[in-house]
Amino acid sequence: MHDHKLFRPERAAVLEDQGRLQVQLGEDELADLLALRGDEDVADLGSGTGFYTDRVAHLTTGTVYAVELQPEMLAIHREKGPPANVRHVLGDVDDLPLPPASIDVALSIITFHETRGASTMRRLYDAMRPGGRLLIVDWRRDPADDAEGPPLEFRYAKEEVSELLAPFFVTERAENVGRYLFAVVAKRADLPHS
Ligand SMILES: C[S@@+](CC[C@H](N)C(=O)[O-])C[C@H]1O[C@@H](n2cnc3c(N)ncnc32)[C@H](O)[C@@H]1O
């Protein structure tokens, strides 16, 4: 965990700004990138106040694990009254507290740059069932302008993210989203047992 990069609970209201759906990631774009069948178990890695978690929970009848390091964030999410299929998991996504083969899909929205990134991948691979998929949305290094987001030096290029995911995940899509973000969609690799 990189403490200085951590999004502070005092700024939680920023995460609840409905304008994010226009400026950052819209509901239709999220649904398109996730491409859920509708019965998957999902992990939201660094779920914050659950702004996107709750929207994902409406796209599946499976369990949506909201994995979050800061208890204050989970408390705010809980107060909002999340959908019944959301489960809060207090923990570090870099040391993923989910059992092997417990999820089908994982997503990380504007959180990857706050984590240790690549070191998360082995545990995530193990937690995911065969055929699983991963969506990472984060701040671009080359945004349309620098009006929003963390300092440029904290950010990744989408090509770098694809490299960091390998060999555990194989990138299927890597594209810009809106003015500020990129999305990488990857599928769980079919590795021999190790
Ligand atoms: C910028 S916020 C985004 C929250 C949410 N994904 C959203 O888009 O609304 C990043 C969140 O990730 C959490 N986070 C950062 N590093 C984490 C880690 N290693 N494990 C779990 N959560 C983490 C922070 O506490 C914060 O709530």
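Shown above is the structure to which this text applies.
## What about the overall build of the protein?
Helices and strands together make up the secondary structure of the protein, namely seven helices and seven strands. Beginning at the N terminus, the succession of helices and strands in the protein can be written as α-α-α-β-α-β-α-β-β-α-β-α-β-β. Relative to its length of 194 residues, the protein is compact, with a C-alpha radius of gyration of 15 Å against a globular reference of 16 Å. Each principal axis of the C-alpha atoms in the protein carries an extent, and together these give about 45 × 35 × 30 Å. Classification of the 194 residues of the protein by burial places 40% in the buried group. Residue pairs at least 24 apart in sequence account for 63% of intrachain contacts in the protein once pairs closer than 6 positions are excluded.

## Focus on the site of the ligand
Neighbouring residues of the ligand: 22 residues in total, closest Phe7, Gly46, Gly48, Leu69 and Ile109. Classifying every residue of the shell around the ligand by side-chain character gives 12 nonpolar, six polar and four charged.

## Digging into the sheet that holds strand β6 (residues 169-177)
Here seven strands make up an open sheet; going across it, the order is β3-β2-β1-β4-β5-β7-β6 and the pairing mixed. Where the open sheet ends on each side, the last strands, each with one partner, are β3 (86-90) and β6. Within this sheet the neighbouring strands show an average axis-to-axis angle of 15°, counted without direction. With five bridges joining them, strand β2 (residues 64-68) and β3 adopt parallel strand pairing. Along β3, the bridge assignment pairs Tyr65 with Arg87. Each of β5 (128-139), β6 and β7 (181-188) is contacted by helix α7 (residues 158-165), which is oriented at about 165° to β6, the strand it contacts most.

## Topic: α7
Those residues of α7 that fall on the buried side of the exposure criterion are Lys158, Val161 and Leu165. Along the axis of α7, the buried positions cluster into a sector of 55°, meaning they face one direction only. Elements in contact with the buried residues of α7: α6 (121-127), β5, β6 and β7.

## Brief notes about unusual backbone geometry
Of the consecutive residues Ala166 and Pro167, the connecting peptide bond is found in the cis state with omega at 5°. With respect to the element layout, Pro167 can be found in the loop between α7 and β6. The residue Ala35 is not glycine, and still its phi comes out positive at about 45°. You can see Ala35 is positioned in the loop between α3 (27-34) and β1 (42-45). The backbone of Ile110 sits at a positive phi, close to 40°, despite the residue not being glycine.

Thresholds, definitions, all that
Residues numbered from 1 in each chain as written. Predicted model: local features only at pLDDT ≥ 70, side-chain atom pairs only at ≥ 80, totals over all residues. Helix = DSSP H or I, 4+ residues; strand = E, 2+ residues; numbered from the N terminus. Rg over C-alpha atoms; globule rule 2.2 N^0.38 Å. Buried ≥ 20, exposed ≤ 12 C-beta atoms within 10 Å, placed from the backbone. Contact = placed C-beta atoms within 7 Å. Near = placed C-beta within 6 Å. Nonpolar A, V, L, I, M, F, W, Y, C, P; charged D, E, K, R; others polar. Pairing = 2+ DSSP bridges. Axes fitted to C-alpha atoms, helices over the stretch in contact; angles between N-to-C directions. Arc of directions from axis to C-beta.

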